[in-house]
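Chain by chain, the residues:
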Amino acid sequence: MTSNSLETAPRPLLAFVRLGRPKFLFQSMLVVAAGVTIAVHSGHQANLGWYLVTLLFAWCTHLMTHYCNEYFDLEADRANAAPTSWTGGSRILVGGHLRPEVSLGAAFVLLFVGVLLIALLPSLETRLVATAIIAVAWLYTAPPLRLNYHGLGEVSSALVLYGLGPLLAWVVQAGTIEPAGLGYVGVLFVFQFLRMSIMNLSDIEGDRATGKRTLAVRLGAAGLIRLFAAGQLVGYAAIALLLVTGVIPVSAGLLMLATAPVPIWVTRQLTTGALADPRRANAVTFWASMHMPLTSSSIIVGLLVDLGVHGGLLWQPWLAVVGATFLIFGTWLVRATQANRASAPSPAG
């Protein structure tokens, strides 16, 4: 019996909201902001209308994926005896608080809304990118491909959220792709791939028991931890190379490098068996997740600082949007960090 089953059953509306795990939407919010900021840094005035359309599409697709996953991952979630606050699903369906069909129905509604939003996008190129995003997101756990059941979940998640996600926001604003911006997208893609590997490592026993062949199941715990550590080294070496060669500005490069203590701490926890301790496991999956919005934030701030230093097109309404975004995310992050502090020391601890 999980701790969730001992709690008072939530009211249906609250259960439905929890089922969608909206706390993860901060990631897609900052992904879109990063993509728009890349366009602004390259000299384009941010179009706030297109920003809102892109953000709505990102959130719609993100929630669709969660509701879809809750339905198609139900067997694996039931077999997961050690879920954390960040892995193992919402536990709403596992606890019997809502019928599984509710989750699938919500996913289909969001899928249809997402398709309608694609039709609003400004060009064929952006509509094709958005179509790829929503298709891969749906097939992450849904038949016929069920990508996360065949060792392709980690790369498909990285592609959808941190690869094509910022690319879509960027191209909607700028209309073109410039080589320098691909460096940021590439780094985000690598880090998200590694982050999803850790999330699946936390779920490894339930996944193995139900035939879900994630990368963690295929490589085993030791192999996955080695992959995570090596991948982080490659990612940060790539940032350093982009910095010293002048591909990315100094401010962005230094701020991105400043996020390194988070994966270093996560790696240290993994190598000392943290996932076997429920309290430490919750902190590990929390900070592995937070590494992504923190990296997105470092790109946004770094690019805006570079604009200010070099007298670029800095003052515009986009700054107010960024400020509001950071205020919302920062407030939530402080509260979430306090809530997770009891689980294990933080990377700064």
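Refer to the structure presented above.
Residues numbered from 1 in each chain as written. Predicted model: local features only at pLDDT ≥ 70, side-chain atom pairs only at ≥ 80, totals over all residues. Heavy atoms only, no water.

Caption draft 1: Expanded view of the environment of Val53. Assignment of secondary structure puts Val53 in helix 4 (residues 48–72). Val53 sits 70 residues away from Ser123 along the chain, and the two C-alpha atoms are 13 Å apart. (Helix = DSSP H or I, 4+ residues; strand = E, 2+ residues; numbered from the N terminus.)

Caption draft 2: Fine view of the packing of helix 11 (residues 215–244) against helix 13 (residues 261–271). Two elements in contact, helix 11 and helix 13, have axes separated by 10 Å at closest approach and are oriented at 165°. What the angle tells us is that helix 11 and helix 13 run roughly antiparallel. Between helix 11 and helix 13 lies a crossing of left-handed hand. Counted together, Ile225, Phe228, Ala229, Gln232 and Tyr236 of helix 11 and Pro263, Val266, Thr267, Leu270 and Thr271 of helix 13 form the full contact between these two elements. Here the residues of the contact of helix 11 with helix 13 are counted per class, giving 7 nonpolar, 3 polar and no charged. (Axes fitted to C-alpha atoms, helices over the stretch in contact; angles between N-to-C directions. Parallel < 35°, antiparallel > 145°, perpendicular 65-115°, else oblique. Left-handed = near helix turned anticlockwise from the far one by under 90°. Contact = heavy atoms within 4.5 Å. Nonpolar A, V, L, I, M, F, W, Y, C, P; charged D, E, K, R; others polar.)

Caption draft 3: Molecular detail of the pattern of salt bridges. With the rule as written, the count across this model stands at 5 salt bridges. Residues Glu70 and Arg21 are paired through a salt bridge, measuring 3.4 Å at the closest nitrogen-oxygen approach. Here Glu70, found in helix 4, pairs with Arg21, found in the loop between helix 2 (12–19) and helix 3 (25–41); they are 49 residues apart in sequence, far enough to count as distant. A residue is classified by how much of its surface remains accessible, and Glu70, at 2% relative accessible area, is buried. (Salt bridge = Lys/Arg side-chain N within 4 Å of Asp/Glu carboxyl O. Buried < 20%, exposed > 50% of the residue type's maximum accessible area, 1.4 Å probe, protein only.)

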